[in-house]
Amino acid sequence: MSSEFEISRSITIGQYVPTGSFIHRLDPRIKLLVFVILVVAIAFNTSYFGNAIGLVLSLYLFWASKIPISYGLSGVKPAIPFIVILAVLQLLFQGQLFSDGRVYVNYGFILITSESIRLVVVSAVRFIEIIFLSSVLTLSTSTTELTHSIQSLLSPLKKIKFPVHEISLITTIAIRFVPTFAIEMEKMMKAQASRGADFGTGGWWRIVQRTKEMFPIIIPLFNIALSRAEDLILAMESRCYTPGGERSSYSVYKAIAKDYLVLLVGLFLSLLLLFYPFPF
């Protein structure tokens, strides 16, 4: 079967790879907090040099977690068509908003300058960095750890009656269902391809044709999603789950010196990306 059908291999978010690395052994609350501040810093950095630092940092985290970089690249592959389309749209229609710098093309409504090119390059690299960081976080942190981490970090909001546990549970279920739906889609594509459907032929640039080819599996995928959701509800009810109820936790996390050191390093790098005047 063609590798085009191996969708689950291209989905890194929501999967866990236990390598026993230093990153895996960190307090999951610290990992989640560092992930959030790094993503915020990367999202607001508009320099080539700053995003190059962010990309190198993302690659280093893969190495430190002992996870093959191929996992990160496989997570970027499905996003390439959207990155290309976004880059083209920004290049053609955002030039008037970024008219500073050297002008390369000025024809009608199309204005391409050095600043609009900067926007395209930085946006694409930023997108890749966030995918890499998300992959490292979920590949090195189990779903249970993510649930407890979100609940712990949001726990101060309980004072204002914010549904902390429910929000953390919904978030982790959504993350966990990403690879599950990828596997189900892969099964349906293989089944329909065996009956003559045209899937996986041609390159990613055939975005319109490939979108049309995906329509026959959208409704079955929705049916499977609803069925999975119903099974999950029945499983939670059979275990007497009560929304809003007080509950204790079997796992109690306690940060140590190395966790706080990682937090300080992450905070320093975030402040560097946000406020340091990079030369270009």
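Residues numbered from 1 in each chain as written. Predicted model: local features only at pLDDT ≥ 70, side-chain atom pairs only at ≥ 80, totals over all residues. Heavy atoms only, no water.

As for the pairing of strand β1 (residues 103–107)
We count it as follows: Paired strands are those between which DSSP finds at least two bridges. Here a helix means four or more residues in a row that DSSP labels H or I, a strand means two or more in a row labelled E, and each is numbered from the N terminus.
One ladder, built from 4 bridges, connects β1 with strand β2 (residues 110–113); its direction is antiparallel. Bridge pairing in β2 places Tyr 107 opposite Ile 110. Once β1 ends, the chain turns through 2 residues before running back antiparallel as β2, passing Gly 108 with a positive phi of about 65°.

Quick word on the packing of aromatic side chains
Our working definition: Side-chain rings of Phe, Tyr and Trp, where Trp is taken by its six-membered ring, are said to pair if the distance between their centres is within 6.5 Å; with planes under 30 degrees apart they count as stacked, over 60 as edge-to-face, and otherwise as tilted. Throughout, exposure labels follow a simple rule: accessible area from a 1.4 Å probe, protein chains only, divided by the maximum for the residue type, with under 20% read as buried, over 50% as exposed, and the rest as partly exposed.
All chains considered together, the criterion is met by 2 aromatic pairs. Geometrically, the ring pair formed by Tyr 60 and Trp 63 is tilted, given 5.7 Å between the ring centres and 35° between the ring planes. Of the two residues, Tyr 60 and Trp 63 both sit in helix α3 (residues 48–64), 3 residues apart, roughly one turn of that helix. Relative to Phe 132, the ring of Phe 62 has its centre 5.6 Å away and its plane inclined at 80°; by these criteria the two rings are edge-to-face. One end of the pair, Phe 62, is in helix α3; the other, Phe 132, is in helix α6 (residues 114–139), and 70 residues separate them in sequence. By relative accessible area, which is 1% here, Phe 62 ends up buried. Assessed through its relative accessible area of 3%, Phe 132 is described here as buried.

Describing the side chain of Gln 151
Here is the rule we go by: Residues count as neighbours in contact if any of their non-hydrogen atoms are within 4.5 Å of one another.
Within the secondary structure, Gln 151 sits in helix α7 (residues 143–154). By relative accessible area, which is 16% here, Gln 151 ends up buried. When neighbours within four sequence positions are excluded, Gln 151 is seen to be in contact with Lys 158, Val 164, His 165 and Ser 168.

A look at the nonpolar core
Rules: Each nonpolar core is a collection of buried residues, namely Ala, Val, Leu, Ile, Met, Phe, Trp, Tyr and Cys, held together in the definition by side-chain atoms within 4.5 Å.
Counting residues in each nonpolar core, the largest one holds 29 residues, and the members touching the most others are Phe 35, Leu 61, Phe 62 and Leu 133. At the level of secondary structure, the elements contributing two or more residues to this core comprise α2 (28–44), α3, α6 and α7. The element best represented in this core is α2, accounting for 8 residues. What Leu 61 contacts, discounting residues up to four positions off in sequence, is Ile 23, Leu 133 and Val 136. Listed in part, the 5 residues of the second largest apolar core include Met 185, Met 189, Ile 217 and Leu 221.

Observations concerning unusual backbone geometry
One non-glycine residue, Lys 66, adopts positive backbone phi at about 60°. With respect to the secondary-structure elements, Lys 66 resides in the loop between α3 and α4 (69–76).

Brief notes about helix α5 (residues 80–93)
Selection criterion: What a helix is expected to span follows from its residue count: subtract one and scale by 1.5 Å.
The first and last C-alpha atoms of α5 sit 20 Å apart over 14 residues, in line with the 20 Å expected at 1.5 Å per residue. Those residues of α5 that sit buried are Pro 81, Ile 83, Ala 87 and Gln 90.

Describing the packing of α4 against α6
We apply this condition: Fitting a line to C-alpha atoms yields each axis, with helices limited to the stretch in contact; the angle taken between N-to-C directions then spans 0 to 180 degrees. We call two directions roughly parallel when the angle between them is under 35 degrees, roughly antiparallel when it is over 145, roughly perpendicular when it lies between 65 and 115, and oblique otherwise. Crossings are sorted by hand: turned counterclockwise from the far helix by less than a right angle, the near helix makes the crossing left-handed, and turned clockwise it makes it right-handed. Three classes are used, and their members are as follows: Ala, Val, Leu, Ile, Met, Phe, Trp, Tyr, Cys and Pro are nonpolar, Asp, Glu, Lys and Arg are charged, and the others, Gly among them, are polar.
Between α4 and α6, the least distance of the axes is 9 Å, while the angle of their chain directions is 125°. Taken together, the axis directions place α4 and α6 in an arrangement best described as oblique. Like other packed secondary-structure pairs, α4 and α6 cross with a definite hand, here right-handed. Contact with α4, carried on its side by Tyr 71, Gly 72, Leu 73, Gly 75 and Val 76, involves Ile 128, Ile 131, Phe 132 and Leu 139 of α6 and no other residues of that element. Among the residues making up the contact of α4 with α6, the classes are represented as 7 nonpolar, 2 polar and no charged.

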